[in-house]
Amino acid sequence: MKNTLTVRRSVVKLLDKSLMLYIPLFLAMAFTLFPLYWVIVTAFKREGDIAKLPIQYLPSPATFENFRIAWNVSGFSKFFVNSLYVSGVTVVVVLITSILVGYAISRFNFAGKNLFMLMLLCTQFIPGAMLLIPLFETFRNLNLSNNLFALIIIYSTFQLPFNAILMSGFITNIPEQLEEAAMVDGCSRLKAIYLIIFPLLLPGIVATMVYTFIGAWNEFLFGLMLISKTSLFTLPVGLRSMQGTYDIQYGALAAGSVITVLPVIILFAYVQKFLVQGMSAGAVKG
Amino acid sequence: MSKYDSSAIRQLGAFKKMKSRINWTPYILIAPAILLITGFLFYPVANVFYYSLQKFNPAKAYENGYIGFENFKTIFTNDDLFLTSLMVTFKWVTSEVVLQLIFGLGIALMLNQAFRFRGVFRAAAIIPWAISGVVTSTVWGLLFNEQMGIINDLLMKVGMIDRKIAWLAELNTVFPSIVTAELWRGIPFFTIAILAALQTIPNDLYESAVVDGAGRWKSFVHITLPFLKNTIVFTTLLRAVWEFNNVDLIFVMTNGTGGPVDMTTTLPMYIVKQAIYAQDFGYGSALTVVGFFILLLFAVLYLKLSRFGKEL
C-alpha cells in the first residue's frame, strides 16, 4: 500500500516536472540551438549536396571547401582582419575612456557630475539610425569616408556611455580606503591605482572589453553606409554583400557565417557565467 | 588627505580646499568622453534637426538649400509610405517586445529551477544574444529558403503544408518570418535580465507562501511578478526603443528592400532607404526628427503609465 503510494507520488512528480520543465526546456533549446546546428552542417556540405533531396541532416562527405572559398575567394580573410582591427582599437579606446570616466564618477565630487551622468544615460535613447545621415556627412567633411578609422570613432562613441556606467559601478565597489592606505604608505595616486585598483578591477575590465568587442564586431549599418570599398568591408558588411547577388553560394555563405560568429562565441563561452552574475550584481544595487 | 586623524576635520579640510580652488582632475578624466559624445552623438543629433529644414541631396547639390517646414508638410500630407511604415513599426515593436518578454520570462523561470547541468543550459539559452543581426538573418535565410530550406522540408514531411512556401517573398508570411528570426536573437536579453532579477528574490518569501497555502500560480502573481516589475518595465522600454531602431535584420532578410511591397518597411528602414538609395538626406532627416519625437513621447508616456520605480 505504502509502496504504491510513493510510486504514484513520484510518477506525479515526474509528470509535473516534465510538463513544467523538461518538455518546454527541450523545445526552447531546440529553437535556440537548431539554427546554429544547421548553419554549421550547411557549411560542411558540398555545394551540390545542399539543395539535394532528401535533405542531408549530416554532411556526407564533409568538406572544408566552403571555408576555403569564403576565406580566399569571397574575401573573408580581408573582412576578418578589418573587423579585428576596428573592434580591437575600439576596445582599447573604450576601455581607457571608460576607466577614466568611471574613476572620475566614483572617486570625485564635482560640479556638473549629475548633469554628466544624465548625459550618459540620455545617449542610450538616441536611435542609431537617426545618426546615419549626419555622421555620414561629418565623416565625408573630415575626409574619412571609406576609412576604417571613422568606424572606430563611431563604435567607440556608441559603446562608451554604457561601459562607462558599468565601469563606475565596478570602481565604486572597490573601497577607497585601499587606495588611501597605499598612498599613506608612500604610493603616488597613479601608482596606487596601478597596484591596487587594476588587479581588483579585472572583472570589470574583462566585461567592458567583451561587451565592446561584441558590439563593434556585430555592427552593420554604419559599416554599410560609410564603407563602399570591398577591400575595407567588415565581416557583417561582407556577409551581406554575398547575399545581394542572384547566384548565391550557400555553402560559402554558411561558412562565412561560421567564421563571423566564431570569435564571438569563443569570447561568450568565456564570460557567460559572469554575464548573469554581473547583471544580478547590478540588479541588487539598483 | 589621511594625514588628518578625525574625519570631521578631514571633511572640513576638503570643503575648504574645494572652496578655495576647483579640482580639475575629474574634468580632465571625463574630457575625452565628453569630446566623443558631444562630437559624434549630440552634434549629429543637432545636425539632423538642421538638415530636416533643408533640401539636401548630395547628388543634386544645385537644388540644396533652406526650405522651412516643407519636408514635414510632405510627410504629413503627401506620403503614404510614412503612414504605412508607422503601422509596420508599431506591429514590429509590439510583436517583438511582447513575445520576447513572454518567452524570456518563461525560459528564465525554467532556468531558475534547480536541475542537473543547469549552467550548461543557461549558457546555451543565451548564446543568440551575442550573435549579430546579419548572421541571424543569414542563418534564418537558410532555414526559410524556399528550395532547400529545412522549414519547408519538415512542414511538408509532417503534412502541415502541401507546397513549398517562399516565406520571405509572400505577402502573408514575410512579416511572421522576420519576427521569428528576430525573436531568436531577442529572447535571451529578457532571459538574462529576468534571470538576474529572479536571483534577488528571497527564498523564504516562497516558503512562507507555501505555509499559507498559496499554490504555484498565486506565488507567481503575488511574489514573483511584483518583484520583477521594475526589471520588466525597464527592459521592455529599452527593448522597445531598440527594436524600433533595429534595421540590420530587416535590411538583410529582405535584401535591402523592406519588401515585398513595403510590408516590412519600418520607419527606420524607410530612413535607411532614403539615406542609402534615394540619397535624400533632407527628407530622411525630417523623417528621423518625426521618429525621434514619437520615440520620446512613447518613452515618457510609458514610464508615467507604468509608474516606474514606484511600489505596486
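Cut-offs used in this document
Residues numbered from 1 in each chain as written. Chains lettered and ligands numbered in written order. Predicted model: local features only at pLDDT ≥ 70, side-chain atom pairs only at ≥ 80, totals over all residues. Heavy atoms only, no water. Helix = DSSP H or I, 4+ residues; strand = E, 2+ residues; numbered from the N terminus. Patch = residues over 30% accessible without salt bridge, like charges linked within 9 Å, V, L, I, M, F, W, Y side chains within 5 Å. Areas by Shrake-Rupley, 256 points an atom, 1.4 Å probe, with all protein chains shown as cover. Salt bridge = Lys/Arg side-chain N within 4 Å of Asp/Glu carboxyl O. UniProt positions renumbered as here; feature names shortened; annotations may be inferred. Contact = heavy atoms within 4.5 Å. Polar contact = N/O pair within 3.5 Å; in protein donor to acceptor, adjacent residues only side chain to side chain. Nonpolar A, V, L, I, M, F, W, Y, C, P; charged D, E, K, R; others polar. Domains from an automatic or database assignment.

Caption draft 1: Structural context of unusual backbone geometry. Residue and element names in this part refer to chain A. At the junction of Ser 60 and Pro 61, the peptide bond is cis and its omega measures out at -5° in the coordinates. Tracing the chain through its elements places Pro 61 in the loop between helix 2 (47-50) and helix 3 (65-73). The phi dihedral of Asn 143 falls on the positive side, at around 60°, and the residue is not glycine. By the element assignment, Asn 143 lies in the loop between helix 6 (132-141) and helix 7 (148-172). For Asn 146, which is not glycine, the phi dihedral falls at a positive 55°.

Caption draft 2: A nonpolar patch on the surface, seen in detail. On the surface, a cluster of nonpolar side chains totalling about 760 Å² of accessible area is made up of Leu14(A), Leu19(A), Met20(A), Tyr22(A), Ile23(A), Phe26(A) and Leu27(A). With respect to the helices and strands, the residue Ile23(A) is situated in helix 1 (residues 2-43).

Caption draft 3: Spatial organisation of the UniProt feature "domain: ABC transmembrane type-1" (unreviewed entry) in chain B. With numbering matched to this structure, UniProt assigns "domain: ABC transmembrane type-1" (unreviewed entry) to residues 86-302 of chain B. In residues 86-302 of chain B, the share of helix is 73% and the share of strand is 0%. The end C-alpha atoms are 18 Å apart.

Caption draft 4: Fine view of the UniProt feature "transmembrane region" (unreviewed entry) in chain B. Residue and element names in this part refer to chain B. This chain's UniProt record puts "transmembrane region" (unreviewed entry) on residues 24-46, 92-111, 123-143 and 281-303. As a span, residues 24-46 carries 96% helix and 0% strand, and end to end its C-alpha atoms are 29 Å apart. Secondary structure across residues 123-143 divides into 67% helix and 0% strand, with the first and last C-alpha atoms of the span separated by 23 Å.

Caption draft 5: Quick look at the interface of chain B and chain A. Each partner contributes to the interface: chain B provides 88 residues, whereas chain A provides 86 residues. Where chain B meets chain A, there are one salt bridge. A salt bridge links Asp16(A) to Arg216(B); the shortest N-O distance between them is 2.9 Å. At the surface where chain B touches chain A, the tally comes to eight residue pairs in polar contact (both at pLDDT 80 or more). Per-element accounting of the side of chain B that touches chain A gives the leading share, 20 residues, to helix 2 (residues 25-51) of chain B. For the side of chain B that touches chain A, the class distribution of residues is 64 nonpolar, 18 polar and six charged.

Caption draft 6: Quick peek at the domain arrangement of chain B. When cut into domains, chain B gives domain 1 (1-43) and domain 2 (78-305). A straight line from the C-alpha centre of domain 1 of chain B to that of domain 2 of chain B covers 42 Å.

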